[in-house]
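Breakdown of the fold
The lines below spell out each chain.
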Amino acid sequence: MGFFLETLFGGLMSGMLYALIGLGFVLIFKASGVFNFAQGAMVLVAALSMARFSEWIPRWLGFENLLVANVLAFIVSAALMFLLAVAVERYVLRHLVNQEATTLLMATLGISYFLDGLGQIAFGSSVYSIDVGMPKDPALILDTVFEGGLLINLEDLTAALVAALLVAALAAFFQYTSTGRALRAVADDHQAAQSIGIPLNRIWVIVWSVAGLVALVAGIVWGSKFGVQFTLSTAALRALPVVILGGLTSVPGAILGGLIIGVGEKLSEVYLGSLVGGGIEIWFAYVLALVFLLFRPQGLFGEKIIDRI
Amino acid sequence: MLYRENGQFKTSYRADQQIFPIRQDRILIGLLLAVAFVGVPMLASDYLLRAILIPFLILSLAAVGLNILVGYCGQISLGTGAFMAVGAYAAWNIGVRLPGMPLVLQIVLGGGFATLVGIVFGIPSLRIRGLYLAVATLAAQFFVDWAFLRIPFFTNYSPSGSVSVPPLYAFGLPVQTAMQKYLFVLAFVAVFALLAKNLVRGAIGRQWMAIRDMDVAAAVIGIRPMYAKLSAFAVSSFIVGVAGALWGYIHLGSWEPLAFDLTRSFQLLFMVIIGGLGSILGSFFGAAFIVLVPVALTNVPHLLGLRLSVDTAAHIEHMVFGALIVLFLIAEPHGLARLWSIGKEKLRIWPFPH
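Note that the coordinates shown come from a computational prediction; the quantities given were computed from them, not determined experimentally.

1. Description of the overall build of chain B
A tally of helices and strands in chain B yields 14 helices and 4 strands. In terms of C-alpha radius of gyration, chain B reaches 21 Å, essentially the compact-globule figure of 20 Å for 354 residues. Taken along its principal axes, the extent of the C-alpha atoms in chain B is 70 × 60 × 45 Å.

This is how it looks when you write it as structure tokens:
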């Protein structure tokens, strides 16, 4: 029982991490109908910049305070993500208005390659660490309820908390601010939104910046857990089934999808993996999403696609 | 002036519908084949054959296969590497388990297995499209990667997980030196490119294009979407599987699943985009481009006296590819093939202004 619960918790926590990345996908898809393949590369660039600047800034300015260094690095990285959003809008999206979804998908694939290369040239390609002071020690809970108790990783718990906060903030942003309303209008219909005076280009910059910010947070959380390196960019591919499962247009869907995939991966690896040789968590999420797609193409909470194929 | 079709009158349907209706094209293709089959083996060095021409030919074949699916039928696929892997491993298994099977048959049967897998993973395309289909094909990629890594049967219980190919013979002739390998691959590529070209300009190719342009309209005029889509998946994965078998057998010699991972799939998709969606010729341009850019990136800075580390060169390569993809999608969505046909248009009247 204890082992099962531990696996379950482990799954929930890694699901939260997937959800963090999945959020970035959902945001951009919601507001521009673009499936942003480059989200993984954005996470990588953000995490690299965070890791490197928190190392460089104290050296340049000659002080030794982890907190100040991290805050400054965060600000610089956020500014970088904003510049990135501007550049993407200016040089890519603006020229691809009204193109098919697959064209845009391939364009983001190109952006992703570009960012992978650029990020590693600018910031180096070894493994870096981010230290934002997340608690590292595992904690034992519920040891009064049954024997042995449960081992919970506090780091995971913090990550989950961060993700939850982020989601709440984003939900409020989408629901209650006028920019959020504009974003939703653009998502519904580009032309209609434009005709009532919503500046499409500015909206895109905003949404890519927000997605960049989410990528930064995801990068910090992932980076401080596993270290910052190139594989971070493939983490986004692991998070892809999450958004398919949860529905591409739904923020809560990303969270729930993340949790389902996280738990499913861990449980299947532990209980089924030994039967077929292990390592099945690589494709489990995808096959789950695929089976799901066949019966409910819009995902758990996505808007229903009325479309005859 | 050089490229005028004036005076070339067609007096029969047969002549009108031939594969290259313009005489200059026929001459050009004939010359190209002559150079490829005779000139290159006589002149090219071992390095050129092994490192550039053989990979180029095999990857063009794979790109032709992918182009049928993406460019002609409009079904996006990110799992090309997986179908290549299926072709390679199936061919290898057939060779190991059925000794005495001729090499050509092994490779073609490898393509046959890839076809089966392609159809299975193509079934979701009947329900979903676009991005969702991309996810389905990604599922194929990850599943196949895993299967060849973890299921020992496929690698014949080899302890290291990698497989290697014995010395090859085709029709009693050895396929071992670079030149022999080159000719073997070239023969395959020539046959399959002709096959693909004829398929896409025949009835089935027109069905694919109709489905690509608007599936509802295609269904209304009597094209069965299921048949058209699955046949595109089948033909595409067959060609890709054959290319995979060639890649493993001829180019690599011994390989592990990593040779056919997601990077390969992306690389092939890039070839198709840069070369030209919906063009057989474009697949060759795209493959040439993608094979040559890394070579250029390692050699050009060297010539200029710059010393780039291997890492930096790889990153720059990433950046160049990424930027080019975006550039092509924006400026020339039909890729290099379109530039080629624009060039031909210009040549019709060149050097006169009108």
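2. Some points on the overall build of chain A
When helices and strands are tallied, chain A shows 12 helices and 2 strands. Beginning at the N terminus, the succession of helices and strands in chain A can be written as α-α-α-α-β-β-α-α-α-α-α-α-α-α. In chain A, which comprises 309 residues, the share counted as buried stands at 48%. Here the contacts in chain A between residues at least 6 apart in sequence split such that 74% fall between residues at least 24 apart.

3. Quick notes on the packing of helix H5 (residues 103-122) of chain B against helix H10 (residues 225-252) of chain B
All names here are of chain B. The N-to-C vectors of H5 and H10 enclose an angle of 140°; their axes lie 7 Å apart at closest approach. As the angle between them shows, H5 and H10 are arranged oblique. At the point where H5 passes H10, the crossing takes the right-handed sense. Grouping the amino acids of the contact of H5 with H10 by side-chain chemistry returns 15 nonpolar, 10 polar and 1 charged.

4. Observations regarding helix H2 (residues 39-61) of chain A
All names here are of chain A. Compared with the 33 Å implied by 1.5 Å per residue over 23 residues, the 32 Å span of H2 between its first and last C-alpha is a close match. Roughly 30° is the biggest bend found in H2, and it falls at Phe 53. One or two positions beyond H2, positive phi appears at Gly 62, with a value near 70°.

5. Concerning the nonpolar core
In summary, soluble globular proteins display a tendency toward joint burial of nonpolar side chains. Membership of the largest hydrophobic core comes to 206 residues, with the highest contact counts inside it found for Val 43, Ala 47 and Val 207 of chain A together with Leu 61, Ile 239 and Leu 246 of chain B. Ranked by residues supplied to this core, first place goes to helix H8 (residues 200-226) of chain A with 16 residues.

6. Looking at the environment of Val 263 of chain A
Residue and element names in this part refer to chain A. Here Val 263 shows up in helix H10 (residues 251-271). The class of Val 263 is partly exposed, set by 19 C-beta atoms lying within 10 Å. Setting aside residues no more than four positions away along its own chain, Val 263 makes contact with Leu 8, Gly 11, Leu 12 and Gly 15.

7. Observations concerning the interface of chain B and chain A
Note on interface size: it is often stated as the accessible area lost on association of the parts. Contact residues are listed per partner, giving 37 residues for chain B and 40 residues for chain A. Going through the elements one at a time, helix H6 (131-150), helix H9 (215-220), helix H11 (262-275) and helix H13 (310-331) of chain B are the ones with two or more residues in the side of chain B that touches chain A. It is H13 of chain B that provides the largest number of residues to the side of chain B that touches chain A, a total of 13 residues. A breakdown of the residues in the side of chain B that touches chain A according to their chemical character gives 27 nonpolar, 5 polar and 5 charged.

8. Re the confidence of the model for chain A
The share of residues in chain A with pLDDT of 70 or more is 88%, and the mean pLDDT across the chain is 79. Averaged pLDDT values over the elements of chain A bottom out at 63 in strand E1 (residues 138-141) of chain A and peak at 87 in helix H3 (residues 66-91) of chain A.

9. Focus: the packing of H11 of chain B against helix H12 (residues 280-303) of chain B
All names here are of chain B. Orientation of H11 relative to H12, taken along the N-to-C sense of each, is 120°, at an axis distance of 7 Å. Classified by the interaxial angle, the pair formed by H11 and H12 is oblique. Where H11 crosses over H12, the two elements pack in a sense that is right-handed. Facing H11, whose interface residues are Gln 267, Phe 270, Met 271, Val 272, Ile 274 and Gly 275, H12 presents Gly 282, Ser 283, Phe 284, Phe 285, Gly 286, Ala 287, Phe 289 and Ile 290.

10. Points about the confidence of the model for chain B
Residues and elements named next belong to chain B. Of the residues in chain B, 100% reach a pLDDT of 70 or more, and the chain-wide mean stands at 86. Per-residue pLDDT, averaged within each element of chain B, yields its smallest value for strand E2 (residues 169-170) (77) and its largest for helix H8 (residues 203-213) (92). Across the predicted assembly, pTM comes out at 0.86 and ipTM at 0.82.

11. What to know about the environment of Ile 260 of chain A
Residue and element names in this part refer to chain A. Note that Ile 260 resides in helix H10. Taking the C-beta count within 10 Å as the criterion, Ile 260 has 24 such neighbours and is therefore assigned buried. Expressed as a C-alpha distance, the spacing of Ile 260 and Gln 229, which sit 31 residues apart in the sequence, is 26 Å.

12. Concerning the environment of Lys 197 of chain B
Residues and elements named next belong to chain B. By the element assignment, Lys 197 lies in helix H7 (residues 178-201). Residue classification places Lys 197 among the partly exposed residues on the basis of 16 C-beta atoms within 10 Å. A C-alpha to C-alpha distance of 21 Å links Lys 197 and Ile 223, two positions 26 residues apart in sequence. Excluding anything up to four places from it in sequence, Lys 197 contacts Ile 19 and Ile 280.

Rules used in this analysis
- Residues numbered from 1 in each chain as written.
- Chains lettered and ligands numbered in written order.
- Predicted model: local features only at pLDDT ≥ 70, side-chain atom pairs only at ≥ 80, totals over all residues.
- Helix = DSSP H or I, 4+ residues; strand = E, 2+ residues; numbered from the N terminus.
- Rg over C-alpha atoms; globule rule 2.2 N^0.38 Å.
- Buried ≥ 20, exposed ≤ 12 C-beta atoms within 10 Å, placed from the backbone.
- Contact = placed C-beta atoms within 7 Å.
- Axes fitted to C-alpha atoms, helices over the stretch in contact; angles between N-to-C directions.
- Parallel < 35°, antiparallel > 145°, perpendicular 65-115°, else oblique.
- Left-handed = near helix turned anticlockwise from the far one by under 90°.
- Nonpolar A, V, L, I, M, F, W, Y, C, P; charged D, E, K, R; others polar.
- Expected span 1.5 Å × (residues − 1).
- Bend = angle between axes of the 7 residues up to and from the residue.
- Core = buried A, V, L, I, M, F, W, Y, C linked by C-beta atoms within 7 Å.
- pLDDT = per-residue confidence, 0-100.

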